[in-house]
Structure formats: structure tokens, C-alpha cells
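Close look at the chain arrangement
One letter stands for each residue in the lines below.
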Amino acid sequence: MKKFYYLMRMAFMTKFAYIKAFWFNIFGTAVSILIYYFLWKYVFRTREELNGFTAAQMTTYVIISRVLSSQFSGGIDREFSEWVYKGNIVVELLRPVPLLYNLFGKRIGEFLFFLLFKGIPISILATLILGGTGPAGAGQLLLFGMSVLVSIVILFWIEVTVGLIGFFTLNVWGLTFTKSALLSILSGGVVPLFLFPDEVAQVLNYMPFAGMVSVPASIYLGKYDWNQAVQFIGLQIIWAVLLGLGVLAFYRFAIKKVVVQGG
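The paragraphs below set out a description of the structure included in this document.

Turning our eyes to something else, we now look at the nonpolar core. Grouped together as the largest cluster of nonpolar side chains are 52 residues, with contacts concentrated most on I33, Y61, L183, M212 and I219. Mapped by element, the contributors of at least two residues to this core are α1 (2–14), α2 (19–43), α3 (55–69), α6 (99–130), α7 (138–169), α10 (214–220) and α11 (226–254). Considering each element in turn, this core owes the most residues, eight residues, to α7. Setting aside residues up to four positions removed in sequence, Y61 forms contacts with F53, G188, P192, L193, V213, S214, A217 and L221. Core analysis: the second largest hydrophobic core is formed by 16 residues, I76, W83, L103 and W157 among them.

The next thing to look at is the packing of aromatic side chains. According to the stated counting rule, one finds eleven aromatic pairs in the structure shown. Between F144 and Y220, the ring centres sit 5.1 Å apart and the planes meet at 65°, which makes this aromatic pair edge-to-face. Taken together, the positions of F144 in helix α7 and Y220 in helix α10 put the pair 76 residues apart, joining distant regions of the chain. In this pair, the class of F144 matches that of Y220, namely buried. Cluster of aromatic residues (ring-pair linked, three or more members): F53, Y61 and F194. For the cation-ring pair, K223 lies above F53, with the distance from its terminal atom to the ring centre recorded as 4.5 Å.

Now for the side chain of T59. Mapping T59 onto the fold places it in helix α3. The exposure class assigned to T59 is buried, which follows from its relative accessible area of 9%. Ignoring sequence-local partners within four residues, the contact set of T59 consists of Y37, L130, G131 and G132.

A word on the environment of Y85. Its place among the elements puts Y85 in helix α4 (residues 77–86). According to the relative accessible area criterion, Y85 is partly exposed, its value standing at 43%. In this structure, the C-alpha to C-alpha distance between Y85 and F38, residues 47 residues apart in sequence, is 42 Å.

Attention shifts here to a nonpolar patch on the surface. On the surface, I120, I124, L125, L128 and I129 cluster together into a nonpolar patch covering about 540 Å² of accessible area. With respect to the helices and strands, L128 occurs in helix α6.

Rules behind the numbers
Numbers given to residues run from 1 along each chain, matching the order in which its sequence is written. Whole-chain, interface and lining totals are the exception, using all residues; otherwise, since this is a predicted model, local features are given only for residues with pLDDT of at least 70 and side-chain atom pairs are given and counted only at 80 or more. For side-chain calculations, the full set of non-hydrogen atoms in the structure is used, while hydrogens and water are omitted. By nonpolar core is meant a set of buried Ala, Val, Leu, Ile, Met, Phe, Trp, Tyr and Cys residues that side-chain atoms within 4.5 Å join together. Under the scheme applied here, a residue whose accessible area is under 20% of the maximum for its type counts as buried, over 50% as exposed, and between as partly exposed, the area being computed with a 1.4 Å probe on protein chains only. Per the convention used, a helix needs a DSSP run of H or I reaching at least four residues, while a strand needs a run of E reaching at least two, with both numbered from the N terminus. Only heavy atoms enter the contact rule, under which two residues are in contact if any of them lie within 4.5 Å. When the centres of two rings from Phe, Tyr and Trp lie within 6.5 Å, Trp using its six-membered ring, the rings pair. Their planes under 30 degrees apart give stacked, over 60 give edge-to-face, and anything left gives tilted. Only lysine NZ and arginine CZ atoms are considered, and such an atom sits over a ring when it is within 6 Å of the ring centre and within 35 degrees of the ring normal. Patches were defined on residues exceeding 30% relative accessible area and lacking a salt bridge, with like-charge contacts within 9 Å and nonpolar side-chain contacts (Val, Leu, Ile, Met, Phe, Trp, Tyr) within 5 Å. Only the protein chains shown count as cover for residues, and the accessible areas themselves come from Shrake-Rupley with a 1.4 Å probe. Here, a salt bridge means any side-chain nitrogen of Lys or Arg that lies within 4 Å of a carboxyl oxygen of Asp or Glu.

Worth remembering: the numbers are spatial, not functional.
What follows is the structure in C-alpha cells.
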């Protein structure tokens, strides 16, 4: 645990070295929230609710979804690919700390930085300024936090998969952008899943991607009762375990095929 703490701390402190880029990132997320807010404000101009969502609840959904999906464009997949491209992967593989353990520590450190300096502040300010709603209750807030934590594990495995593909392609820039776009759509980050056709929405709700945006936001707003929320979080945990097992198997295969391009 001591090693894991230092890995998290190192990733956390590294973010301060790129604080200007981080401010631009915050600005981009704020603009994104405003754009979606005004779009939905226009939709609710002639109606009181949409599929059980009031205007205030949809505002909150927009804030949560845009904040959570802003993580899709970052992650450790780019750093992973850069290690391969520059040849640093050899050094990383020789470290006394296992590669995936190292990457997970970095990812948690990045998430903590995101949570403290972006996720919580932007969510609170945007809710107060735009007129969103708070959590449906203390229990929903607790389950929301649990859902978000599990979603980070799922996202980590997806990022590792993209990074491992870099062992074969030597570059994953295009794949990284594709990953961000697909996750934003399939998770409900761009369009709420309830707007998809019923059959498609039902399938997406039980996929791992929904647990990154749609499920946490719906839990926060009280759209699921206690049993439903627990079931969805349980499903997230199952997906995290299954994806982890799949990625570990892929890692054992990919590590034998690694080719160093840099130097």
C-alpha cells in the first residue's frame, strides 16, 4: 500500500506541472456544460418534463454527464502509447513494481486530482448558477459515489486495452479519439440513454459503458430505487472483474509481442 500511495501521490503532484493546460480543460468542460444546458433549455421551453425528467433534473444530468465524460479524453492510454513510441516501456517493464499496478496507481492519482480540482467544484458551481438539483437523498449520494468509483476501474481497463494495442500499432492517437467518442455516446454522456430506441437503450443500460455516466447520474437523481441502484452497481462490479480478467489475459499475450520504436 505504501508503494501504491507514492504512485498516486506522484501522479497527483505531476498534474500541478501542467496547471495551465488543466485550466483550459476546465474552461472546455464549462463551455460544454453551457452548450448542452441551452440546448435542453430550448427543449423544455414548451414542456414541463421529458420521460420523467424535469428541467432542473435535466440540468443536473447535463452537469454530471459532461463532468464525468470529460475524463474520457485523458487517461493512461496515451502515456502507455508514448512509452512504447519513445522506448521507455523497457524501463517501465524492468521496474520492481508491476506495470499494471504502476498504471493503476497513476490513474487513481489522476482521478483524485480531477475530483478535487474539477469534478466537485464545477459540479457545485454549475448547479448553483444554472439551477440544477441536489442528490435525491443521502443514500443516493453515497451510492452515486460508489458507482463513480467502480466506473473508474472499468474505465482503467478500457484505457489499458487501448494502450496494449499500441504494442502492435506503435501509436494509438487515432484509437484514443475513437475511444473518447464511443464512450461519450454509449455511456449517455452526449445523449441520455432514454432517448435511444427502447431495445437499444435496454441493451446499453446493461453494458459497462452506462456505468460511467448514465447509471451514476440516474442514481444521483433518484431515478432508481434502492434495490435497482444496488443491482446496477453490482453489475458494474461484475463488468469490472470480467474486463480485468480479459485485460490481464490480453496483457500476457501483448507483452510478448512488444516492439520498441523509440530510443
